[in-house]
Amino acid sequence: MRILYEDTMPFADALFPKLGDCQVFNHQTITAQDVADADVLLVRSTTRVNEALLHQAKHLQYVATATAGTNHMDINYLQERGIPWGSAAGCNAVAVAEYVISVLLVMAQRQQWDLSSRSVGIIGAGHVGTALSSKLDALGIQYRLCDPPLQAAGDPRPFCHLDAALDCDIVTLHVPLVTAGPHPTEHLIDGQRLRAMGPEQLLINACRGEVMDNAAALACKQRGDGPLLVMDVWENEPDILWPLVQHTELATAHIAGHTLEGKARGTTLLYQQLAQRLGRPVEDPLSTLLPVAQPQKLELESALQGMQAITALVHAVYDVRQDDRAFRTQVQCAEDFIYSRKHYAIRREFSAHRINAGNCALTQALYGLGFAC
Ligand SMILES: NC(=O)C1=CN([C@@H]2O[C@H](COP(=O)(O)OP(=O)(O)OC[C@H]3O[C@@H](n4cnc5c(N)ncnc54)[C@H](O)[C@@H]3O)[C@@H](O)[C@H]2O)C=CC1
Ligand SMILES: O=C(O)C(=O)[C@H](O)COP(=O)(O)O
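Residues numbered from 1 in each chain as written. Chains lettered and ligands numbered in written order. Predicted model: local features only at pLDDT ≥ 70, side-chain atom pairs only at ≥ 80, totals over all residues.

Peer 1: Describe the overall build of the chain, naming the residues involved and giving the relevant values.
Peer 2: Across its full length, the chain carries 16 helices and 13 strands. Relative to its length of 373 residues, the chain is compact, with a C-alpha radius of gyration of 21 Å against a globular reference of 21 Å. Summarising its shape, the C-alpha atoms of the chain cover approximately 60 × 50 × 45 Å along the three principal directions. (Helix = DSSP H or I, 4+ residues; strand = E, 2+ residues; numbered from the N terminus. Rg over C-alpha atoms; globule rule 2.2 N^0.38 Å.)

Here it is as structure tokens:
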């Protein structure tokens, strides 16, 4: 069993060699020749899995991506070739939700917003949208969910129309990139919708760059129109529309999902899927692989209360302003974009940290946010 896996998967070296002979590849240099003899190909979102890459691969039995998004894989081509494929649905939902929470707390401080009187429109109520809604519940922040495919499938949660979600004070996008069919998302947020949003509104894109028309967003901002923008994902990564960066409140290099837990879940889900396909015992190695966070226990400053205390603790674990600063100072071209993602610092999820808040209401809120209390 020849397994070829991308070099950006934490813990892959500890797991996949148990299942076969392994080779590691770099997405910038991989060629069709490299895949020719592979039985299994395991990627992340930076490898385009298509005919150009796979046409010489005559033995492929399985292709999988250790990511939530699958738009980098040509699923029609895999189906035509009869190659089964898999993904790591939900692996980094908590990471993205924590990114959005960090963003909201930064923006609330900067804009003097009382978040308890602001509404959040969540577009896409799958793994990320649902994880985010739980955290907003914990903070007592109102939200609306918009997800026509889930609504049509009978999901019992209350859903709103896209226009109602776009009317919220804060709008956050968590849909897959879909280019065809009844619910396409490519340029879902087009020039017209951007122009309809006011300067007090905040639009967060942490799903796929192509869901928002970046050129239209730039034109809007250059005219002084449109919402405040927070962008983790960009059209045409890594060669993005650079002038747009200066018009954003916070800008990052597609790292919302890059917690150690999120990436490690991606690797272990693929390991489990492959073990199952090979009829091997399916163990869950995640908890044994993850190191203890440093510091594991966080202290709460006694002078801080309520949202101030929550903000301090969230930002002690993950402060998106650090990633924004690094992006603005270190990322100026496509190569920088790739490099910064590949060398992203280790970021842990709230659950890796234990807090003794004392105060019951605060403990409940922190627990609801995902901290170990
Ligand atoms: N920035 C990052 O690092 C990350 C980005 N992502 C992106 O976020 C996307 C969402 O992630 P998950 O929640 O895990 O995926 P998911 O598949 O669990 O949820 C996506 C939801 O969007 C809904 N949806 C589809 N078309 C829609 C439309 N036109 N309008 C409203 N809702 C629509 C689907 O019904 C589904 O419930 C992924 O496909 C991926 O592209 C995911 C993880 C990390
Ligand atoms: O899971 C997804 O979908 C994502 O967008 C990942 O966070 C992408 O991470 P990389 O595969 O590009 O490291």
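Peer 1: Quick rundown of the environment of Gly 257? Include the residues and the values.
Peer 2: Mapped onto the fold, Gly 257 is located in the loop between strand E11 (250–251) and helix H11 (260–277). Residue class for Gly 257 comes out buried when judged on the 26 C-beta atoms lying within 10 Å of it. (Buried ≥ 20, exposed ≤ 12 C-beta atoms within 10 Å, placed from the backbone.)

Peer 1: Explain the UniProt feature "active site" (unreviewed entry) in the chain to me, and be specific about the residues and the numbers.
Peer 2: Feature annotation in UniProt assigns "active site" (unreviewed entry) to the following positions: Arg 208, Glu 237 and His 254. These residues run over 47 residues, yet every pair of their C-alpha atoms falls within 9.6 Å of each other. By the secondary structure assignment, Arg 208 is in the loop between strand E9 (202–205) and helix H10 (214–222). If sequence neighbours within four positions are ignored, Arg 208 has contacts with Gly 69, Asn 71, Leu 177 and Val 233. Its location among the elements puts Glu 237 in the loop between strand E10 (228–231) and E11. Apart from the residues lying within four places of it in its own chain, the contact partners of Glu 237 are Gly 209, His 254 and Phe 337. (UniProt positions renumbered as here; feature names shortened; annotations may be inferred. Contact = placed C-beta atoms within 7 Å.)

Peer 1: Just give me the short version of the site of ligand 1, but keep the residues and values in it.
Peer 2: As a structural note, the neighbourhood of ligand 1 is formed by 35 residues, with Gly 69, Gly 124, Gly 126, Pro 176 and Gly 257 the closest of them. Breaking the shell around ligand 1 down by element, the ones donating at least two residues are helix H5 (93–111), helix H6 (127–139) and helix H7 (148–152). Per-class residue counts for the shell around ligand 1 are 20 nonpolar, 12 polar and three charged. (Near = placed C-beta within 6 Å. Nonpolar A, V, L, I, M, F, W, Y, C, P; charged D, E, K, R; others polar.)

Peer 1: Explain the site of ligand 2 to me, and be specific about the residues and the numbers.
Peer 2: Contacts to ligand 2 come from Thr 8, Arg 44, Ser 45, Thr 46, Thr 67, Ala 68, Gly 69, Asn 92, Gly 257 and His 258. Among the residues making up the shell around ligand 2, the classes are represented as one nonpolar, eight polar and one charged.

Peer 1: Please provide a residue-by-residue account of the UniProt feature "binding site: substrate" (unreviewed entry) in the chain, values included.
Peer 2: Residues annotated in UniProt with the feature "binding site: substrate" (unreviewed entry) correspond here to Ser 45 and Thr 67. These annotated residues cover 23 residues of sequence, and their C-alpha atoms all fall within 6.4 Å of one another, placing them together at a single site. Secondary-structure assignment places Ser 45 in the loop between strand E3 (40–43) and helix H3 (51–54). For Ser 45, a count of 23 C-beta atoms within 10 Å translates into the label buried. For Ser 45, the residues in contact, after removing those within four places along its chain, are Thr 65, Thr 67, Gly 69 and His 72. Setting aside its immediate chain neighbours within four residues, Thr 67 contacts Arg 44, Ser 45, Ser 87, Ala 88 and Gly 266.

Peer 1: Just give me the short version of the nonpolar core, but keep the residues and values in it.
Peer 2: Formed by 76 residues in total, the largest nonpolar core has its most connected members in Val 96, Ala 97, Val 100 and Val 103. Per-element tally for this core: the top contributor is H5, with 13 residues. Not counting residues up to four positions away in its chain, the partners in contact with Val 96 are Val 128, Ala 206, Ala 256 and Gly 257. Counting 30 residues, the second largest nonpolar core, distinct from the first, contains Ile 3, Leu 41, Leu 42 and Leu 54. (Core = buried A, V, L, I, M, F, W, Y, C linked by C-beta atoms within 7 Å.)

Peer 1: Explain the sheet that holds E9 to me, using residue names and the numbers behind them.
Peer 2: An order of E7-E6-E8-E9-E10-E11 is seen for the six strands of this open sheet, with the pairing classed as parallel. Edge positions in the sheet fall to strand E7 (142–146) and E11, since each has one partner strand and no second. With four bridges connecting them, strand E8 (residues 170–173) and E9 associate as parallel partners. Note that in E9 the partner of Thr 172 across the bridge is Ile 204. (Pairing = 2+ DSSP bridges.)

Peer 1: Could you give an account of the packing of H5 against H6, naming the residues involved and the relevant values?
Peer 2: Geometry of a packed helix pair, given as the angle between the helix axes and the separation of the axes. Across the interface, H5 lies against H6 with an axial gap of 8 Å and an inter-helix angle of 50°. With respect to each other, H5 and H6 are oriented oblique. Crossing angle aside, the handedness with which H5 passes H6 is right-handed. Packed against H5, whose contacting residues are Ala 93, Val 94, Val 96, Ala 97, Val 100 and Ile 101, the element H6 presents His 127, Val 128, Ala 131, Leu 132 and Lys 135 at the interface. Per-class residue counts for the contact of H5 with H6 are nine nonpolar, one polar and one charged. (Axes fitted to C-alpha atoms, helices over the stretch in contact; angles between N-to-C directions. Parallel < 35°, antiparallel > 145°, perpendicular 65-115°, else oblique. Left-handed = near helix turned anticlockwise from the far one by under 90°.)

Peer 1: Lay out the sheet that holds strand E2 (residues 21–25) with the relevant residues and their values.
Peer 2: On the basis of which strands lie adjacent, the open sheet formed by five strands has the order E2-E1-E3-E4-E5 and parallel pairing. Taken across any chain shown, the strands that pair with only one partner, and hence form the sheet edges, are E2 and strand E5 (85–86). Two elements, E3 and strand E4 (residues 62–65), share four bridges in a ladder whose sense is parallel. Opposite Leu 42, over in E4, you have Ala 64 as the bridge partner.

Peer 1: Help me get a handle on the environment of Asp 324, residues and values and all.
Peer 2: With respect to the element layout, Asp 324 can be found in helix H14 (residues 320–330). Given 21 C-beta atoms within 10 Å, Asp 324 falls into the buried group. Each C-alpha atom of the pair Asp 324 and Ala 251 lies 5.1 Å from the other, and the pair is 73 residues apart in sequence. Setting aside chain neighbours within four positions, we find Asp 324 in contact with Leu 250, Ala 251 and Thr 252.

Peer 1: Tell me about H14, residues and numbers included.
Peer 2: When H14 is considered as a whole, its buried residues turn out to be Val 320, Asp 323, Asp 324 and Phe 327. Down the axis of H14, the buried set is contained in an arc of 100°. They therefore lie on one face. Residues Thr 329 and Gln 330 are exposed on H14 and point more than 90 degrees away from its buried face. Residues of H14 that are buried in the fold lie against H5 and E11. (Arc of directions from axis to C-beta.)

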